[in-house]
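Chains, contacts and geometry: an overview
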Amino acid sequence: MKHKPIYKLVDGKGRVLIPKDLRTASGMDYGDIVRLGLSNGTVSVQKINIIEVGDQSPEAVEAYVRAAFKTMPDDIRLSLISDLTALMQQKKEG
């Protein structure tokens, strides 16, 4: 399915909103991981399901954790939330 070009402004923080119909057509949803690429002056955005092996940048790790969290059963999510809350409390007190 071919879409007409859509023009968007880049905001002050470098963000661009991807319209809902394009996100839907590409299978993108809230919390999904996307890979940004640059080739010959063209920026590409691609939804991915797995981070490349070896990429341990803070952004890649955060994206991976968020994606994994989204697919976990509720009981495991609640357990992790409890553990993270305890760690945050310890850090705050220590």
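Relevant structure appears above.
Residues numbered from 1 in each chain as written. Predicted model: local features only at pLDDT ≥ 70, side-chain atom pairs only at ≥ 80, totals over all residues. Heavy atoms only, no water.

A count of helical and extended segments in the chain gives three helices and two strands. When the elements of the chain are put in sequence order from the N terminus, they spell out α-β-β-α-α. The C-alpha radius of gyration computed for the chain amounts to 18 Å, which surpasses the reference 12 Å derived for 94 residues by more than 25%, pointing to a less compact arrangement than a globule. When burial is assessed residue by residue, the chain has 7% of its 94 residues classed as buried. Excluding contacts between residues fewer than 6 apart, the proportion of contacts in the chain whose partners are at least 24 apart in sequence is 15%. About 8,600 Å² of surface is accessible on the chain, with carbon and sulfur atoms providing 59% of the total. (Helix = DSSP H or I, 4+ residues; strand = E, 2+ residues; numbered from the N terminus. Rg over C-alpha atoms; globule rule 2.2 N^0.38 Å. Buried < 20%, exposed > 50% of the residue type's maximum accessible area, 1.4 Å probe, protein only. Contact = heavy atoms within 4.5 Å. Areas by Shrake-Rupley, 256 points an atom, 1.4 Å probe, with all protein chains shown as cover.)

All right, on to unusual backbone geometry then. Here the phi dihedral of N40 falls at roughly 55°; this positive angle occurs in a residue that is not glycine. If you trace the backbone, N40 turns up in the loop between β1 (33–39) and β2 (42–48). Exposure remark for N40: the relative accessible area of 79% places this residue in the exposed category.

Next up on the list: the pattern of salt bridges. Applying the stated criterion to the full structure yields five salt bridges. One salt bridge connects E62 with R66, and the closest N-O pair in it is separated by 2.8 Å. With E62 and R66 both in helix α2 (residues 58–71) and four residues apart, the pair spans about one turn of that helix. The class of E62 is partly exposed, set by a relative accessible area of 43%. Look at R66 and you get exposed, because its relative accessible area is 51%. Beyond isolated ion pairs, a larger network of salt bridges with shared partners links D32, K47 and K70. (Salt bridge = Lys/Arg side-chain N within 4 Å of Asp/Glu carboxyl O.)

To continue, consider the packing of aromatic side chains. The geometry of two aromatic rings is summed up by the distance between their centres and the angle between their planes. On inspection of all chains with the given rule, the structure shows zero aromatic pairs. The cationic tip of R77 hangs over the ring face of F69; the distance from NZ or CZ to the ring centre is 5.7 Å. (Phe/Tyr/Trp six-rings, centres within 6.5 Å; stacked < 30°, edge-to-face > 60°. Lys NZ or Arg CZ within 6 Å of the ring centre and 35° of its normal.)

Let's shift gears to helix α3 (residues 74–93). Across its 20 residues, α3 extends 28 Å between first and last C-alpha, which sits within 8% of the 28 Å expected from 1.5 Å per residue. Counting buried positions over the 20 residues of α3 gives zero, only a small fraction of the element. (Expected span 1.5 Å × (residues − 1).)

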